Amino acid sequence: MKAVAVFPGSREVKVVEREGPRLAAPDQVLLRMLDIGICGTDKEICSFEYGTPPPGDDHLVIGHESLAEVVEAGPAAGRFAPGDLVVPSVRRPCPHPSCLSCRSGHQDYCYTGDFTERGIKEAHGFMAESVAEHERYLNLVPPDLREIAVLAEPLTIAEKALEQIFWVMRRRPPWLDPETPRDERGRGLSALVLGVGPVGLLGAMALATAGFTTYVYSRELPPSPRTDLVGAIGATYVSSQATTFPDLAETIGNIDLIYEAVGHSHFALEALRVLGTNGIFVLTGVPGLQAFVEADPARLMREMVLRNQVLLGTVNAGPGAFADALADLDLFRRRWPAVVRTLIAGRYPPEQAPDLILGRPAGIKTVITFNAPA
Ligand SMILES: [Zn+2]
Ligand SMILES: [Zn+2]
């Protein structure tokens, strides 16, 4: 079968021919991969910044955002039947008995760092014709989401963040009642998304769906398909080339939530200075090597203490976030059908993967497909 793999030793990215997978345990499920999304992580792996093959292999099959169809379910994987659509999660637990997170199925909170990640760290990914996976790592997808379910994994970043934001909000004004429906939890609160890439846009959609008055702030000058999308979901786009952070804060009023989706340290630091009273600042971007910036930590500490602020970093996602992502994709589809049709920029054969990954991304999400849609 075909797969797209990176060879860190010889610094190559190419389509390879590999032996197809077989069910190796009774709880495994054999999957035919339908869609595999590409993102900044794939670009960094294919630029050899990170990405580790499994022990003993010279290559790593990439791909972590995916949608698959069940071909065969093992005898202990009765939850699934041939024809079911599934989205696999990415991170797999570390082996240490002492890791409370991994031992309780929360490897996205792993303490040791010895986890593996499919398509990223010491485990082959999903950009292949077929994959075998344990049923506990699979999330069942309703057939109605066939066209967009490949967005579930990137959307889990926002969903895991929202889960934590809601926990924090239950402990502080405006005292979120846990019974509040998901689409009313942000009512009366403002959210500022930094960045207009896929993570920022999906984050803005999730925040708007949760009822936050949502703003998206980035360099890009409108109009563009991405800034148009922000308007189409009822959020407000503001360009950093036209409006400074202090002016933006004046427009918004108390900024209750900032969702950072750029991975740019200077931009994040500037934003932290306009975070409102009782505000929560969520960091999701992972900066590479960047220029040293001057900061005024005393002032930042003073503001954070005197304003009861929360700084929250979040990575990866657990089963709850996948379930929320699939539920939200269904809401997006009903609420903004025209927007949802533009989210997938195109579907391309695996041979084009290396160029697409390393080139400039067009549209919101570019997808590699081994099996054209039925
Ligand atoms: Zn990704
Ligand atoms: Zn662990």
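Presented here is a report on the structure given in the accompanying data block. What you are looking at is a predicted structure, and each value in this text was computed from that prediction instead of being measured. (Residues numbered from 1 in each chain as written. Chains lettered and ligands numbered in written order. Predicted model: local features only at pLDDT ≥ 70, side-chain atom pairs only at ≥ 80, totals over all residues. Heavy atoms only, no water.)

### Focus: the coordination of the zinc ion (ligand 1)
Now for step 1: At this site the zinc ion (ligand 1) is bound by Cys 39 (SG), His 64 (NE2) and Glu 65 (OE), with donor distances of 2.1 to 2.2 Å.
Now for step 2: Spacing between the donor residues of the zinc ion (ligand 1) along their common chain follows C-x24-H-E. With Cys 39 in the loop between strand E3 (28-38) and helix H1 (40-46) and Glu 65 in strand E5 (residues 65-73), this pair connects stretches of sequence that are 26 residues apart.
Now for step 3: The class for Glu 65 is buried, based on a relative accessible area of 2%. (Donors = N, O, S within 2.8 Å, 3.2 Å for Na, K, Ca; no water. Helix = DSSP H or I, 4+ residues; strand = E, 2+ residues; numbered from the N terminus. Buried < 20%, exposed > 50% of the residue type's maximum accessible area, 1.4 Å probe, protein only.)

### Notes on the packing of helix H4 (residues 198-209) against helix H9 (residues 319-335)
Now for step 1: Two elements in contact, H4 and H9, have axes separated by 11 Å at closest approach and are oriented at 80 degrees. Here H9 runs roughly perpendicular to H4, going by the angle between their axes. Counted together, Leu 202, Met 205, Ala 206, Ala 208 and Thr 209 of H4 and Asp 328, Leu 331, Phe 332 and Arg 335 of H9 form the full contact between these two elements.
Now for step 2: Across the contact of H4 with H9, the residue classes break down as 6 nonpolar, 1 polar and 2 charged. (Axes fitted to C-alpha atoms, helices over the stretch in contact; angles between N-to-C directions. Parallel < 35°, antiparallel > 145°, perpendicular 65-115°, else oblique. Contact = heavy atoms within 4.5 Å. Nonpolar A, V, L, I, M, F, W, Y, C, P; charged D, E, K, R; others polar.)

### Description of the layout of surface pockets
Now for step 1: Considered as a void within the structure, the second largest pocket measures approximately 300 Å³ in volume.
Now for step 2: With 5 residues, strand E10 (residues 130-134) is the largest single contributor of residues to the lining of the second largest pocket.
Now for step 3: The residue makeup of the lining of the second largest pocket, split by class, is 9 nonpolar, 6 polar and 6 charged. (1 Å grid on protein atoms, 1.4 Å probe; cavity = no way out; pocket = protein on both sides within 12 Å on 5 of 7 lines; lining within 4 Å. Points joined across faces, edges and corners; volume = space filled by probe spheres on them.)

### Side note on the environment of Arg 32
Now for step 1: Tracing the chain through its elements places Arg 32 in strand E3.
Now for step 2: Here Arg 32 falls in the partly exposed class, since its relative accessible area comes to 29%.
Now for step 3: Arg 32 sits 191 residues away from Pro 223 along the chain, and the two C-alpha atoms are 39 Å apart.
Now for step 4: Here the side chain of Arg 32 touches Glu 69 through a polar contact of 2.8 Å, side chain to side chain. (Polar contact = N/O pair within 3.5 Å; in protein donor to acceptor, adjacent residues only side chain to side chain.)

### Let's talk about the sheet that holds strand E8 (residues 116-118)
Now for step 1: The strand order across the open sheet formed by 3 strands is E7-E8-E9, and the pairing between neighbours is mixed. Looking along the sheet, the strands with just one partner apiece sit at the ends: strand E7 (91-92) and strand E9 (122-123).
Now for step 2: The pairing of E7 with E8 spans 2 bridges and is antiparallel. When the sheet's bridge partners are listed, Arg 91 is paired in E8 with Glu 117. (Pairing = 2+ DSSP bridges.)

### Here we look at the coordination of the zinc ion (ligand 2)
Six octahedral donors around a metal ideally subtend angles of 90 or 180 degrees, whereas four tetrahedral donors ideally subtend 109.5 degrees.
Now for step 1: Within the protein, Cys 94 (SG), Cys 99 (SG), Cys 102 (SG) and Cys 110 (SG) serve as the donor atoms for the zinc ion (ligand 2), at 2.3 to 2.4 Å.
Now for step 2: The coordination sphere of the zinc ion (ligand 2) comprises 4 donor atoms, whose angles at the metal cover 104 to 117 degrees; the geometry is tetrahedral.
Now for step 3: In the primary sequence, the donor residues of the zinc ion (ligand 2) line up as C-x4-C-x2-C-x7-C. Each member of the pair Cys 99 and Cys 102 is classed as buried. (Tetrahedral: all angles 85-135°; square planar, octahedral: opposite > 155°, others 65-115°.)

### A word on the packing of aromatic side chains
Now for step 1: Per the counting criterion, the structure on display carries 4 aromatic pairs.
Now for step 2: With a centroid separation of 5.7 Å and an interplanar angle of 5 degrees, the aromatic rings of Tyr 217 and Phe 267 are classed as stacked. Taken together, the residues Tyr 217 in strand E13 (residues 213-218) and Phe 267 in helix H7 (residues 265-272) connect sequence positions 50 residues apart. As far as the burial class goes, Tyr 217 and Phe 267 line up, both buried.
Now for step 3: An aromatic cluster of three or more residues is present, and its members are Tyr 217, Phe 245 and Phe 267.
Now for step 4: Here the guanidinium or amino end of Arg 92 rests over the ring plane of Tyr 137, the centre of that ring lying 4.0 Å away.
Now for step 5: Note that Arg 335 overlies the ring of Trp 336, its terminal NZ or CZ placed 5.7 Å from the centroid. (Phe/Tyr/Trp six-rings, centres within 6.5 Å; stacked < 30°, edge-to-face > 60°. Lys NZ or Arg CZ within 6 Å of the ring centre and 35° of its normal.)

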